[in-house]
Amino acid sequence: MTDHVPLLQGSCFCQAVSYAISTPPVLSAYCHCSNCQRLTSCPFIHTVHFDVSAFTWTHPEPHESQLDFYDNPLKPYKRRFRCKTCGVGIASYNSHTNRVSIWGATLGRNEERKIVGWDIAKPTAHIFYGTRMLDVNDSLSKWEGYESKSERLD
Ligand SMILES: [Zn+2]
Ligand SMILES: [Zn+2]
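What counts and how
Residues numbered from 1 in each chain as written. Chains lettered and ligands numbered in written order. Predicted model: local features only at pLDDT ≥ 70, side-chain atom pairs only at ≥ 80, totals over all residues. Heavy atoms only, no water. Pairing = 2+ DSSP bridges. Helix = DSSP H or I, 4+ residues; strand = E, 2+ residues; numbered from the N terminus. Axes fitted to C-alpha atoms, helices over the stretch in contact; angles between N-to-C directions. Donors = N, O, S within 2.8 Å, 3.2 Å for Na, K, Ca; no water. Tetrahedral: all angles 85-135°; square planar, octahedral: opposite > 155°, others 65-115°. Buried < 20%, exposed > 50% of the residue type's maximum accessible area, 1.4 Å probe, protein only.

A few words on the sheet that holds strand β5 (residues 55-57). Strand order in the open sheet made by the 3 strands is β1-β2-β5, with antiparallel pairing throughout. Whereas interior strands pair on both sides, the edge strands pair on one side only; in this sheet they are β1 (8-11) and β5. Sheet twist, expressed as the average angle between the axes of neighbouring strands with direction ignored, equals 20 degrees. Sheet topology note: the β1/strand β2 (residues 18-21) ladder contains 4 bridges and is antiparallel. Within β2, the residue paired with Leu8 across the bridge is Ile21.

The following block contains the structure:
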């Protein structure tokens, strides 16, 4: 028997809520949309999407006992989960796409506080860059909406 080490794992700040992921992401990007800005109070976030089958909660059951959720009235098909103890938003589930998204900053860290599995999880683009709160001078492509599905801005 080999150990079942998940491909990626992460937790909220206080570690009362945790998750594991078994596949590479279907999307990983820095999102500059106004929903992400207003829901996180950050200028942009690192969103990482997976098929729901790749995602599992790993904190003690019943998982719901440590989780609050919020359904965005503008996107009622998208449920955002957060830790009841530290309040960190940790994942959201989109029932239209059957995908879970996590925020890259919640991924597990090594002794140097760097993300474990960064090469698997790292962003490939900046999306919804038209509503950015700051310019980013990196080498990743910039898009009006989703990567390769909208106008490229830079
Ligand atoms: Zn927490
Ligand atoms: Zn967004």
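Here the focus is the coordination of the zinc ion (ligand 2). With distances of 2.2 to 2.3 Å, the protein atoms coordinating the zinc ion (ligand 2) are Cys31 (SG), Cys33 (SG) and Cys36 (SG). Here the donor residues of the zinc ion (ligand 2) share one chain and are spaced in sequence as C-x1-C-x2-C.

All right, on to the coordination of the zinc ion (ligand 1) then. Within the protein, Cys12 (SG), Cys14 (SG), Cys83 (SG) and Cys86 (SG) serve as the donor atoms for the zinc ion (ligand 1), at 2.3 to 2.4 Å. If you look at the zinc ion (ligand 1), its 4 donor atoms make angles of 106 to 113 degrees with each other, and the shape they trace is tetrahedral. Counting residues between consecutive donors of the zinc ion (ligand 1) along the chain gives the motif C-x1-C-x68-C-x2-C. Of the two residues, Cys12 is situated in the loop between β1 and β2 and Cys86 in the loop between β7 (78-83) and β8 (89-94); the sequence distance between them amounts to 74 residues. On the accessibility criterion, Cys86 (30% relative accessible area) is partly exposed.

Most of strand β4 (residues 45-51) is tucked away, with 6 of its 7 residues classed as buried. Relative to β4, strand β3 (residues 27-31) runs antiparallel, the two sharing 5 bridges. In the strand pairing of β4, Cys31 is matched with Ile45. The pairing of β4 with strand β9 (residues 99-103) spans 5 bridges and is classified as antiparallel. Bridge assignment links Asp51 to a residue of β9, and that residue is Arg99.

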